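Residue strings, one per chain:
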Amino acid sequence: MADCEVKKIATRESYGNALVELGKKNPNVVVLDADLAGATKTSTFKKEFPDRHIDCGIAEANMTGIAAGLSTCGKIPFVSSFAMFAAGRNFEQVRNSIGYPHLNVKIGATHAGITVGEDGASHQCLEDVALMRTIPGMTVIVPSDDIEAKAAVMAAAETEGPFYMRFGRAAVPVINDRPDYKFEVGKAVVVKDGTDMVIFANGVCVAEALGAAEKLAADGINAAVVNVHTVKPIDKDTILEFAKKTNRVFTVEEHSVIGGLGSAVCDVLSENYPVKVKKIGVYDRFGKSGPAGALMKEFQLDAEGIYNQIKAAL
Amino acid sequence: MTNKELQLTAANVRKGIVTAVHSAKSGHPGGSLSAADMFTYLYFEEMNIDPKNPKDPNRDRFVLSKGHTAPGLYSTLANRGYFPVEDLTTLRKLGSYLQGHPCMTETPGVDMSTGSLGQGVSTAVGMALAAKLNGDSYRVYTLTGDGEIQEGQIWEAFMFAGAKKIDNLTVIIDNNGLQIDGKIEDVCSPYPIDKKLEAFNFNVICIDGHDFDQIRDAFAKAKECKGQPTAIIMKTTKGKGVSYMENQAGWHGKAPNDEEYEQAIKELDEQIAKIGEA
């Protein structure tokens, strides 16, 4: 999707902008950060509402606990850090201090996946969706673009209970700017209908999957692309509908193929409609340093790479 | 409450602890008993709470960061009227609302789910911060173990509370000197606890955790202190009140058998009689 005419924006920017909008609407919204306000874009909120922005310093575990405590007193805390720390370092804090008591804490994790780029493997979280979706009652959302990311933040604030939202560092094309687009937690979006196969994707991979579908179309293959932005609770009905309709299922995610969207889709299909699934993602390995675009190519997660992997699996 | 009334109540709280753990055939009596006087003072004297309205938004909050001493908290809540004392024998049993570690969604009066050491203080800081943000006057109390402060997250929370001057927060450290593997100074010494907390901008008060005059005085000083959170470091005896459990690390997480249970109740009844005579 190297289309120069398409507007691009990083979903972390969308997160920061949505928080400001939310802050104006709801005085109970507070934002916590761990010395990464500039990077996670909560600095945008801080500028507008300095009294409601709590910088906890480089202490993510404590930040998570503080958010839990704030939520028991009626606040709606948005906890922000890189996915590596928000979900990785903090897994147990999220599980025990937020998940177990089912508290109204929203985790905004930025810099997820390989598109972190040059910082390399230590900061490229490829396991967060797997970790977060194992926590009972946790809603897990991986938005695909600016519009969806903002909608997810708004929905999270309006819905009681813990949310994990995964945002990216790199600018991604705006793909949901159309009149019929509607965001609903737990409801997948059919981005392109098709009959020969279905590609379930989320996050930055939706735009890339669309690019792959275009290439497949040139080969006479009519692929559906379904954006499964909510990994949990997953949209069982839409997954089954498209699996039954096409009988050929692919999943694409900027995440390990172990435990993420692909696994969630397989969980639904193996119990309800066993069909062969090819999971496309990061294959049990760590990331690398490099520009985001080059990494997407290297890991075969750009449109070309996805197309090639699908063709090889046919 | 007079000191005598507090002592009597604490002895009954101790009976509830021993009874609950004996019935469960597992659980943590040692650290529950060492903190029994503190639990009693908090719920019967210090905190602004109402057992009939456990979710009152204006209530004071308590977070049991050393969540394994749930029997101490449960027995106190039961004696305070949050739920029937008889229910203490359901501790840790399938279907009971008294889980092995505190669960705020199950038990009336429990303000935070805890059990994984090191996390409770952070949540208490969050509650105290919420009061500051809202301009509310409630206070927040949290109890940690002296072994628990080996957890790194505790110091993140202390650093934050000190740096941000969270003066509506009181951290109580139960310094009974023992943890599962032995003496805290042998396992991995957290001493000097007072100097460390002073360096973290805490108003530090060191007391005997079994002396109600000292406990009373410490909380009065905590309330007066502005611009600093307070830490009450209380020297206690692990297993306090049951002779064979006192100062024995082995009674950290072990239930008394029937014979031991009878002896514990006998000893506590004798203490109650003695307090009554005094």
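Residues numbered from 1 in each chain as written. Chains lettered and ligands numbered in written order. Predicted model: local features only at pLDDT ≥ 70, side-chain atom pairs only at ≥ 80, totals over all residues. Heavy atoms only, no water.

A.B. asks: Looking at this structure, how should I read the pairing of strand β10 (residues 197-201) of chain A?
C.D. replies: Where a strand is regular, its side chains alternate between the two sheet faces. All names here are of chain A. In terms of burial, β10 is largely enclosed, as five of its five residues are buried. A two-sided burial pattern is seen for β10, the buried positions comprising Met197, Ile199 and Ala201 on one face and Val198 and Phe200 on the other. In this sheet, strand β11 (residues 223-227) lies alongside β10 in parallel orientation, the contact comprising five bridges. Within the sheet, the bridge partner assigned to Val198 lies in β11 and is Ala224. With helix α9 (residues 205-218) bridging β10 and its parallel neighbour β11, the resulting β-α-β unit is right-handed. Across four bridges, β10 lies against strand β13 (residues 249-256) in parallel orientation. Paired with Val198 across the bridge in β13 is Val249. (Buried < 20%, exposed > 50% of the residue type's maximum accessible area, 1.4 Å probe, protein only. Helix = DSSP H or I, 4+ residues; strand = E, 2+ residues; numbered from the N terminus. Pairing = 2+ DSSP bridges. Right-handed = clockwise from strand over helix to strand, strands pointing away.)

A.B. asks: Whenever I open this one, the packing of aromatic side chains confuses me. Can you help?
C.D. replies: What describes a pair of aromatic rings is the distance from one ring centre to the other and the angle between the planes of the rings. All names here are of chain B. Applying the stated criterion to the full structure yields 13 aromatic pairs over all chains. Ring centres 5.4 Å apart and planes at 70 degrees place the aromatic pair Phe158 and Phe202 in the edge-to-face group. Of the two residues, Phe158 is situated in helix α6 (residues 152-163) and Phe202 in the loop between α8 (193-199) and β6 (203-208); the sequence distance between them amounts to 44 residues. Comparing Phe158 with Phe202, the two get one shared label, buried. Summarising the aromatic geometry, the rings of Tyr244 and Trp251 are spaced 5.4 Å apart at their centres and angled 65 degrees between planes, so their arrangement reads as edge-to-face. (Phe/Tyr/Trp six-rings, centres within 6.5 Å; stacked < 30°, edge-to-face > 60°.)

A.B. asks: Can you walk me through the environment of Ala220 of chain B in this structure?
C.D. replies: Residue and element names in this part refer to chain B. With respect to the helices and strands, the residue Ala220 is situated in helix α9 (residues 212-224). Under the relative-accessibility criterion, Ala220 is labelled partly exposed at 36%. In sequence terms Ala220 and Glu46 are 174 residues apart; their C-alpha atoms lie 9.3 Å from each other.

A.B. asks: Explain the sheet that holds strand β14 (residues 277-282) of chain A to me, please; I cannot follow it from the model alone.
C.D. replies: The pairing of strands in a sheet happens through backbone hydrogen bonds and is either parallel or antiparallel. Residues and elements named next belong to chain A. One open sheet holds the five strands; their spatial order is β9-β11-β10-β13-β14, and the pairing between them is mixed. This sheet does not close on itself; its edge strands, each paired only once, are β9 (189-192) and β14. Pairs of neighbouring strands in the sheet enclose a mean axial angle of 25 degrees, with direction left out of account. Its contacts with the sheet put helix α11 (residues 261-272) on β10, β13 and β14, and the angle it makes with β13 is roughly 145 degrees. (Axes fitted to C-alpha atoms, helices over the stretch in contact; angles between N-to-C directions. Contact = heavy atoms within 4.5 Å.)

A.B. asks: How do you make sense of the interface of chain A and chain B when you look at a structure like this?
C.D. replies: One frequent convention defines the size of an interface as the accessible area lost when the parts assemble. Each side of the interface is counted separately: chain A has 24 residues, and chain B has 26 residues. Counting each side, the surface lost to burial between chain A and chain B is near 1900 Å², with a carbon and sulfur contribution of 60%. Counting the surface chain A buries against chain B, the share from its top three residues, Asn62, Cys73 and Tyr100 of chain A, is 28%. In this assembly, chain A and chain B are joined by zero salt bridges. For the interface between chain A and chain B, the tally reads nine residue pairs in polar contact (both at pLDDT 80 or more). Where the side of chain A that touches chain B is concerned, the elements lending two or more residues are β3 (53-55), α4 (60-72) and α6 (91-99) of chain A. Per-class residue counts for the side of chain A that touches chain B are 12 nonpolar, seven polar and five charged. (Buried area = accessible area lost by both parts, 1.4 Å probe. Salt bridge = Lys/Arg side-chain N within 4 Å of Asp/Glu carboxyl O. Polar contact = N/O pair within 3.5 Å; in protein donor to acceptor, adjacent residues only side chain to side chain. Nonpolar A, V, L, I, M, F, W, Y, C, P; charged D, E, K, R; others polar.)

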